Amino acid sequence: MAVVVIKRCGVGLCHRLCGITGRHWFPRLQHTDRQYIETQFGFERVSESEKREKVQQVFDNVAQKYDIMNDLMTLGIHRLWKERLLRLMKPYPGTQLLDVAGGTGDIAFLFLDYIHSQREAQMHRDLKSWQNLSWLEISKSYQETGQDLLGGSHAVICDINPKMMTFGKKKAQQLGYTEGLSWVVGNAEELPFVDEKFDIYTVGFGIRNMAHIKQALQEAYRVLKPGGRFLCLEFSQVNNPLISRIYDLYSFQVIPVLGEVIAGDWKSYQYLVESIRLFPAQEEFKAMIEDAGFMKVNYHNLTSGIAAIHSGFKL
Ligand SMILES: C[S@@+](CC[C@H](N)C(=O)[O-])C[C@H]1O[C@@H](n2cnc3c(N)ncnc32)[C@H](O)[C@@H]1O
């Protein structure tokens, strides 16, 4: 089991600030021996059950402002990262997706858009080849042969927090996602699904909040069909030292302030920032995915490693 050792930083301003305030201001600099323990709630050491309770509390608190805060904190860049996830996922009509820690539904909605656009393109191609049929007739013939506009694709959003999903369901209604979608309350570490049910498993910005990441990865493996794909979008470790320092300043000095001003909640956003810092770096997380049994594990850094997408196959 890995251990986090937060040491006081030995350099300049950070050292002085740490000394004066007794608080670690730039944890990335302090992690001379940085390793990961799952039962950390941010920088606080807690028991497994305490972590679950506290994480639940955080997402209860942030649920209402979650989407707007996401846009503000990442300056909208999280949308580009999620689109990248979709491009790597390459779902096809008929795909059964499980989006774990799906929260307010962004990834599942993008998935449905993607499938929809693929089906429309297919129908346009059919329309060209079946010159004498109208759009309506083709659409009807799709329905008669049991094919809907999603080609049988379905997305299940599974999250441990009902409040996050309540806001997600409202958003789905507003945006018109009425078909091909279901919402299930469930714990990623003990998924309420039978073995080998899904083609694709995604988890976006969720896995670092889990008390048992290893168990969550094993569950991902269990519910995927042979040939199924695992994809995880998560904050990661920046390799460029200059970007890393700017990012640390922004994270620790700006994000909690935004949290306080927009959502009236400094503490939850302080936790989110701390949990990002403690999440395993790219290679370490890759090894954890491999340990769960996945093959061809790979990762793509996004925005200098601020986030990364890890992927693997169940063969
Ligand atoms: C930062 S949000 C991410 C939401 C969404 N995936 C997105 O990218 O916008 C993290 C989500 O993980 C969920 N979560 C935390 N621990 C979980 C667990 N053990 N099982 C399932 N969901 C969990 C939280 O309830 C929360 O909705």
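Worth saying up front: this structure is predicted, and the values here are computed from it rather than measured.

### Re the overall build of the chain
Secondary structure summary: the chain contains twelve helices and nine strands in total. Counting across all 315 residues of the chain, residues that qualify as buried make up 49%. Counted over contacts in the chain with a minimum sequence separation of 6, partners at least 24 positions apart contribute 74%. Carbon and sulfur atoms form 55% of the exposed surface of the chain, whose accessible area is close to 14,900 Å².

### Thoughts on the UniProt feature "binding site: S-adenosyl-L-methionine" (unreviewed entry) in the chain
Sites flagged by UniProt as "binding site: S-adenosyl-L-methionine" (unreviewed entry) map to Thr104, Asp159, Asn187 and Ala188. Checking the named residues against the largest pocket, the ones that line it are Thr104, Asp159, Asn187 and Ala188. Asp159 sits in the buried class, given a relative accessible area of 8%. Not counting chain neighbours up to four residues away, the residues in contact with Asp159 comprise Ala101, Gly102, Gly103, Met165, Val184, Val185 and Gly186. Within polar-contact distance, the side chain of Asp159 engages the backbone nitrogen of Gly102 at 3.4 Å.

### So, the side chain of Asn70
Its place among the elements puts Asn70 in helix H4 (residues 66-73). Filtering out sequence-adjacent residues up to four positions away, Asn70 remains in contact with His78 and Lys82.

### Overview of the site of the ligand
As a structural note, the neighbourhood of the ligand is formed by 21 residues, with Ala101, Asp159, Asn187, Ala188 and Gly204 the closest of them. Take Tyr66: an N or O atom from its side chain is 2.9 Å from an oxygen atom of the ligand. Asn187 places a side-chain nitrogen or oxygen 2.9 Å from a nitrogen atom of the ligand. The protein chains hide 97% of the 600 Å² of surface that the ligand would expose on its own. The pocket occupied by the ligand, as judged from atoms lying within 2 Å of grid points, is the largest pocket. Elements with a contribution of two residues or more to the shell around the ligand: helix H3 (48-62) and H4. Classifying every residue of the shell around the ligand gives nine nonpolar, nine polar and three charged.

### Remarks on the packing of aromatic side chains
For the structure on display, the rule yields twelve aromatic pairs. Centre to centre, the rings of Phe279 and Phe285 are 5.0 Å apart; their planes meet at 65 degrees, and the pair counts as edge-to-face. The pair formed by Phe279 and Phe285 is uniform in burial state, with each residue classed as buried. In this arrangement the basic side chain of Lys314 is found over the ring face of Tyr221, its NZ or CZ atom lying 4.8 Å from the centre.

Quick notes on the rules
- Residues numbered from 1 in each chain as written.
- Predicted model: local features only at pLDDT ≥ 70, side-chain atom pairs only at ≥ 80, totals over all residues.
- Heavy atoms only, no water.
- Helix = DSSP H or I, 4+ residues; strand = E, 2+ residues; numbered from the N terminus.
- Buried < 20%, exposed > 50% of the residue type's maximum accessible area, 1.4 Å probe, protein only.
- Contact = heavy atoms within 4.5 Å.
- Areas by Shrake-Rupley, 256 points an atom, 1.4 Å probe, with all protein chains shown as cover.
- UniProt positions renumbered as here; feature names shortened; annotations may be inferred.
- 1 Å grid on protein atoms, 1.4 Å probe; cavity = no way out; pocket = protein on both sides within 12 Å on 5 of 7 lines; lining within 4 Å.
- Polar contact = N/O pair within 3.5 Å; in protein donor to acceptor, adjacent residues only side chain to side chain.
- Near = heavy atom within 4 Å.
- Sits in = over half its atoms within 2 Å of the grid points.
- Nonpolar A, V, L, I, M, F, W, Y, C, P; charged D, E, K, R; others polar.
- Phe/Tyr/Trp six-rings, centres within 6.5 Å; stacked < 30°, edge-to-face > 60°.
- Lys NZ or Arg CZ within 6 Å of the ring centre and 35° of its normal.

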